[in-house]
Amino acid sequence: MSAAPEERDNDTQSDERDDGDFSDMLSEMRILLPGAQMLSAFLIILPFNGGFAKIVHLEKLLFLATFLFSLASLVLLSAPAIQHRLLRPLKDRARFKRIATRQIVAGAFALAIALVLGTDLVMSEVFGATVGMAVAAVMGLLIVCAWWLMPVYLKRRL
């Protein structure tokens, strides 16, 4: 027995919405990835600059943490696209989207930490440790407000 026309229309609309959500997710990754790539590229070349050897041990540890978080963000943000390609055709699209969403959020979190640490690294080198930590704190607050708190606020209001 086939489904009623309304049920088929609802199923079709649901599938289209799911595909739209999936397309939105891929577009969101395309926005985050270049930032993570640029930060990682900057960090990759940093040790090869002549002045890098002169920075203190604590700054080298800060660099290492920044670099690792930046690379982690690249891996997590690109993982859903690679997994999608390898798993085609998807057998459980809804489950894949839930897992991919978690990876994207984890990648954004790693990118946020890398941006804060990178801000501290740069500002500390230019203006000193106190200014570096203050500006990094402001950057962290901006990220928390724009990336995490604003969506919660909007979700409740919309």
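Scroll up for the structure.
Residues numbered from 1 in each chain as written. Predicted model: local features only at pLDDT ≥ 70, side-chain atom pairs only at ≥ 80, totals over all residues. Heavy atoms only, no water.

### Quick word on the overall build of the protein
Working step 1: A tally of helices and strands in the protein yields four helices and zero strands.
Working step 2: Residue pairs at least 24 apart in sequence account for 72% of intrachain contacts in the protein once pairs closer than 6 positions are excluded.
Working step 3: As displayed, the protein has an accessible area near 10,800 Å², and 67% of this comes from carbon and sulfur atoms. (Helix = DSSP H or I, 4+ residues; strand = E, 2+ residues; numbered from the N terminus. Contact = heavy atoms within 4.5 Å. Areas by Shrake-Rupley, 256 points an atom, 1.4 Å probe, with all protein chains shown as cover.)

### Some points on the nonpolar core
Working step 1: Counting 25 residues, the largest nonpolar core has Leu32, Leu43, Leu46, Phe63, Leu77 and Ile104 as the members making the most contacts within it.
Working step 2: Within the residue set of this core, elements represented by two or more residues are α1 (5-45), α2 (57-87) and α3 (93-127).
Working step 3: Per-element tally for this core: the top contributor is α1, with nine residues. (Core = buried A, V, L, I, M, F, W, Y, C linked by side-chain atoms within 4.5 Å. Buried < 20%, exposed > 50% of the residue type's maximum accessible area, 1.4 Å probe, protein only.)

### A closer look at the layout of surface pockets
Working step 1: Taken as a whole, the largest pocket holds about 450 Å³ of empty space.
Working step 2: Lining the largest pocket we find 17 residues, and of these Glu28, Ile104, Val105, Trp147 and Trp148 sit closest to its centre.
Working step 3: Of all the elements in the fold, those that place two or more residues in the lining of the largest pocket are α1, α3 and α4 (129-157).
Working step 4: Classifying every residue of the lining of the largest pocket by side-chain character gives 12 nonpolar, one polar and four charged.
Working step 5: Empty space within the second largest pocket amounts to approximately 200 Å³.
Working step 6: Taken together, Phe42, Leu46, Asn49, Gly51, Phe52, Ile55, Leu121, Val122, Glu125 and Val126 make up the full set of residues lining the second largest pocket.
Working step 7: The element that contributes the greatest number of residues to the lining of the second largest pocket is α3, accounting for four residues. (1 Å grid on protein atoms, 1.4 Å probe; cavity = no way out; pocket = protein on both sides within 12 Å on 5 of 7 lines; lining within 4 Å. Points joined across faces, edges and corners; volume = space filled by probe spheres on them. Nonpolar A, V, L, I, M, F, W, Y, C, P; charged D, E, K, R; others polar.)

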